Amino acid sequence: MKEKRKHQFTKEIKLLMYGFGDVQNPRQDSAELLEDILYNYLQDICTKVARVGHKRGKIITDDFLYILRKDPKKLARCKELLIMQEDLRKARTLFEEPEMNIKGKKRLTNRPDDDKQ
């Protein structure tokens, strides 16, 4: 007998259902069914990725791309999200690196007399 699992994302799934054309307040059982389908799909994908990554001893991002290679829409979306993640990472490093003056002290602003040093 299958163990009943807790539905954690029903509220978000109802909002997605409404956004894709369902009624404003979709039925609870419909949202729970969709969540179960999504959960099973993600579990299946992760199992396949684990099998691919097991050969090398670890899972890498390319394993997901390999599993999604036969579905062009999902593959394109995955690549798009990876590019966005890299762009965000680069942007964060630009804002997190403190400026350094000649003596190695951290400084937050540029002063007009800095060029004279």
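Conventions used here
Residues numbered from 1 in each chain as written. Predicted model: local features only at pLDDT ≥ 70, side-chain atom pairs only at ≥ 80, totals over all residues. Heavy atoms only, no water. Helix = DSSP H or I, 4+ residues; strand = E, 2+ residues; numbered from the N terminus. Buried < 20%, exposed > 50% of the residue type's maximum accessible area, 1.4 Å probe, protein only. Contact = heavy atoms within 4.5 Å. Areas by Shrake-Rupley, 256 points an atom, 1.4 Å probe, with all protein chains shown as cover. Phe/Tyr/Trp six-rings, centres within 6.5 Å; stacked < 30°, edge-to-face > 60°. Lys NZ or Arg CZ within 6 Å of the ring centre and 35° of its normal. Core = buried A, V, L, I, M, F, W, Y, C linked by side-chain atoms within 4.5 Å. Domains from an automatic or database assignment.

**Things to note about the overall build of the protein chain**
Right, on to step 1. If you tally the helices and strands in the protein chain, you get four helices and two strands.
Right, on to step 2. When the helices and strands of the protein chain are placed in sequence order, the string is α-α-α-α-β-β.
Right, on to step 3. Expressed as a percentage of its 117 residues, the buried residues of the protein chain come to 18%.
Right, on to step 4. In the protein chain, the proportion of contacts linking residues at least 24 apart, taken out of those at least 6 apart, comes to 21%.
Right, on to step 5. As presented, the protein chain carries roughly 10,600 Å² of accessible surface, and 58% of it is formed by carbon and sulfur atoms.

**Observations concerning the packing of aromatic side chains**
Right, on to step 1. The tally for this structure, following the rule as stated, stands at zero aromatic pairs.
Right, on to step 2. One Lys or Arg, Arg69, reaches over the ring of Tyr66 and ends 4.0 Å from the middle of that ring.

**Overview of the nonpolar core**
Right, on to step 1. Listed in full, the eight residues of the largest apolar core are Ile45, Val49, Val52, Leu65, Ile67, Leu68, Leu75 and Cys78.
Right, on to step 2. For this core, the secondary structure elements donating two or more residues are helix 2 (28–54), helix 3 (61–67) and helix 4 (72–96).
Right, on to step 3. A domain-level breakdown of this core finds at least three residues from each of domain 1 (7–59) and domain 2 (60–96).
Right, on to step 4. Excluding its chain neighbours within four sequence positions, the residues that come into contact with Val49 are Ile59, Asp63, Phe64 and Ile67.

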